[in-house]
Amino acid sequence: NSNEEQQQQQQQASAERSNQETKSNHKSASRHDDSSSKNDDKTSIQSLDSLYQIPSTPVALERAANNDLGGANVSRNIWLFCCFFGIMVSFVCYGLLMEYATSGGRKLHELSFLFVTSGLYTLTAAAGRHVRDETPTSIPPARFAILGLTSMGSTFCSVRSLRYVIYPIQVLAKSCKPVPVMIMGAAMGKKYPLRKYMNVVMIVAGVALFMMGGKSKKHDDDSDDSDSSSSLDASSQLLGILLLFVSLCFDGGTGAYEDKLMAVHQVGPFDLMYNIQLGKTILAGIGLVVLNQVHEFLQMCQDMGFLLIALGLSGALGQIFIFVTIAKFGALTCSIIGLARKVTTLVASIVFFGHSLSGMQFTGLFVAVGAMVMNFWGKKGGGGGGHEHGPNKPTPTTKDDEEIQKLLDDNDMDDEGDVELQGLQHPVSTLR
């Protein structure tokens, strides 16, 4: 019995020792698992930090913010350069092509020009409307027919005037659009600041000096009678100026009627442009048929088909760059680029086509361009166009839209009356 009791005690002792060893092994294993899991967590956190490059100090945070801002500025500068280059090249090429098509004995058939270029503008507007997914407007087609008629009248008179005056005179004269607008506004009781009156007087004086300082147009017949030649020059120049004035009046009527429609209807800019240009295309086609000038159109396409296509494409491309510039950088930036383009067009015309300017003409040119620059400085000082739109803000606010409308109503971009894609001049309509 004593031997059995000893054996049992030894078995119990060995069982207890084995249990203790098992518990100790479990504890060491659990401690090992805990340490390994902690190491895994540290490794995963370090990998996430390295993946997302999360800065851990204020200096690193500031450095990261500066890097992001620098990247955004580089992207913005690239867009600004593209818009500037696109507007300058498109409209300078347009101006040179237009002067070439109306000089050296060449004459543009106005209805043929309208039919081809307005058709190209219509296709461009349709593409823009599709890309921006604009909702078709509820404005009746008859209203667009009126807008198309007034816009067509402006383009017709503007192109016809180039038979009597040189292209630089047209560019400067189209800068006098505020004159009929202010006359009509003052007659209706609207008041303007003194700076506006002084600016308009300076532009008109500069244009007058430029026109009085030289001949209006080279004539095909080299007559020896200087008196009759000067008389013909004066009468032709007067007729050209009268046509430009009528074109400006049509511009004012088109803008006023657009404002009336925008007050009660909602319409996207490219949708408005599409409908107006479609109306111009249809009216020009009807005019060609009714006036029995289809043969003139065919002859014009045969003689100047490439020029007509080039004029339409350059004008449409320029208007797209204008729209992008206004959406990304504001109307003031677009207007400043427009002023630079206007001056460049004048210089290019003088250089490429050999216009000799007298001292009086240089003075008039300086006064007119100086008045335009003063106009922009006045807008900048008044806060107009101070808002810019980054790449993530393509749609302007209501306040920005009012400033854009005010700037564009001053005719900063449409000194060529034949490139009046009016839908791009009313981005405010997208929010009404």
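Residue positions within a chain follow its written sequence, with the count starting from 1. For a predicted model such as this one, the threshold for reporting local features is a pLDDT of at least 70, and the threshold for listing and counting side-chain atom pairs is 80 or more; totals across whole chains, interfaces and linings nevertheless cover every residue. Hydrogens and water molecules were not included; the side-chain quantities draw on all heavy atoms of the structure.

Caption draft 1: Up close: helix H3 (residues 110-132). Taking 1.5 Å per residue, 23 residues should reach 33 Å; H3 reaches 32 Å between its end C-alpha atoms and fits that length. Immediately beyond the C-terminal end of H3, within one or two residues, lies Asp133, with a positive phi of roughly 55°. Here a helix means four or more residues in a row that DSSP labels H or I, a strand means two or more in a row labelled E, and each is numbered from the N terminus. For a helix, the expected span equals 1.5 Å multiplied by the number of residues minus one.

Caption draft 2: Structural detail: the packing of H3 against helix H10 (residues 294-329). Packing of H3 against H10 leaves a shortest axis separation of 7 Å and a crossing angle of 35°. Remark: the crossing between H3 and H10 carries right-handed chirality. Contacts between H3 and H10 involve Ser112, Phe113, Phe115, Val116, Thr117, Leu120, Tyr121, Thr124 and Arg132 from the first element and Glu296, Phe297, Met300, Leu308, Ile309, Leu311, Gly312, Leu313, Gly315, Ala316, Ile320 and Phe323 from the second. Think of it as three bins: nonpolar holds Ala, Val, Leu, Ile, Met, Phe, Trp, Tyr, Cys and Pro, charged holds Asp, Glu, Lys and Arg, and polar takes everything else, Gly as well. Residue classes in the contact of H3 with H10 are distributed as 14 nonpolar, five polar and two charged. Note on geometry: axes are lines fitted to C-alpha atoms, helical ones only across the stretch in contact, with angles between N-to-C directions running from 0 to 180 degrees. The handedness criterion is simple: a crossing whose near helix is rotated anticlockwise from the far helix by less than a right angle is left-handed, and one whose near helix is rotated clockwise is right-handed. Working rule for contacts: check all heavy atoms of both residues, and any pair within 4.5 Å makes them a contact.

Caption draft 3: Representation of the nonpolar core in the model. Among the nonpolar cores identified, the biggest contains 44 residues, and Tyr94, Met98, Leu108, Phe113 and Leu172 are the most heavily contacted of them. At seven residues, the largest contribution of residues to this core is made by H10. With nine residues, the next largest nonpolar core counts Leu147, Tyr257, Met262 and Val267 among its residues. We call a set of buried residues a nonpolar core when its members are Ala, Val, Leu, Ile, Met, Phe, Trp, Tyr or Cys and they connect through side-chain atoms within 4.5 Å of each other. Here's how the labels work: a residue is buried when its accessible area is under 20% of the maximum for its type, exposed when over 50%, partly exposed in between, all with a 1.4 Å probe on protein chains only.

Caption draft 4: Region of the structure containing a nonpolar patch on the surface. Candidate patch residues must exceed 30% relative accessible area and have no salt bridge, after which like charges are joined if within 9 Å and Val, Leu, Ile, Met, Phe, Trp or Tyr side chains if within 5 Å. A 1.4 Å probe and the Shrake-Rupley method give the accessible areas. Residues count as covered only by the protein chains that appear here. Each salt bridge in this description consists of a side-chain nitrogen of Lys or Arg and a carboxyl oxygen of Asp or Glu lying within 4 Å of one another. Where nonpolar side chains cluster on the molecular surface, the patch consists of Ile282, Ile286, Val289, Val290, Leu291, Val294 and Leu298 and spans about 670 Å² of accessible area. Of all the elements in the fold, those that place two or more residues in the nonpolar patch are helix H9 (269-290) and H10. No other element matches H9, which puts four residues into the nonpolar patch. Mapped onto the elements, Leu298 comes out in helix H10. Overall, Leu298 belongs to the exposed group, its relative accessible area being 53%.

Caption draft 5: Representation of the environment of Leu97 in the model. Its place among the elements puts Leu97 in helix H2 (residues 58-101). Separated by 214 residues in sequence, Leu97 and Leu311 place their C-alpha atoms 6.7 Å apart. Contacts of Leu97, omitting those with residues within four sequence positions, involve Leu307, Ala310, Leu311 and Ser314.

Caption draft 6: Spatial organisation of the pattern of salt bridges. Across all of its chains, the model carries four salt bridges by this definition. Note that Asp271 is salt-bridged to Arg129, the shortest N-O span being 2.7 Å. Placement of Asp271 in helix H9 and of Arg129 in helix H3 is noted, with a sequence separation of 142 residues between them. Given the relative accessible area of 1%, Asp271 is considered buried. In this structure, Arg132 and Glu134 form a salt bridge, with 2.3 Å as the shortest nitrogen-oxygen distance. The buried category is assigned to Glu134, whose relative accessible area is 12%.

Caption draft 7: Looking closely at the packing of H9 against H10. Taken N-terminus to C-terminus, the directions of H9 and H10 make an angle of 170°; their axes are 15 Å apart at the nearest point. The orientation of H9 relative to H10 falls into the category roughly antiparallel. Residue-level contacts link Pro269, Phe270, Leu288 and Val289 of H9 to Val294, Phe297 and Phe323 of H10. A class-by-class count of the residues in the contact of H9 with H10 yields seven nonpolar, no polar and no charged. By the definition adopted for this analysis, an angle is roughly parallel if under 35 degrees, roughly antiparallel if over 145, roughly perpendicular if from 65 to 115, and oblique otherwise.

Caption draft 8: Geometry of the packing of aromatic side chains. Under the pairing criterion, centres of Phe, Tyr and Trp rings, with the six-membered ring standing for Trp, must be within 6.5 Å; the plane angle then separates stacked pairs below 30 degrees from edge-to-face pairs above 60, leaving the rest tilted. All chains considered together, the criterion is met by three aromatic pairs. Just above the ring of Tyr100 sits the side chain of Arg106; from NZ or CZ to the centre is 3.8 Å. Charges are assigned to positions over rings by a cutoff of 6 Å between ring centre and Lys NZ or Arg CZ, combined with an angular limit of 35 degrees from the ring normal. If you follow Arg341 out to its NZ or CZ, it ends over the ring of Phe91, 4.7 Å from the centre.

Caption draft 9: Structural detail: the confidence of the model for the chain. The quantity called pLDDT is the predictor's confidence in a given residue, expressed from 0 to 100. Taken as a whole, the chain shows an average pLDDT of 74; of its residues, 66% reach a score of 70 or greater. Within the chain, no element has a lower average pLDDT than helix H13 (residues 398-409), which sits at 43, and none a higher one than H3, at 92. Counting contacts from residues 383-432, a segment whose pLDDT is below 50, to residues more than four positions away or on other chains yields 143 contacts.

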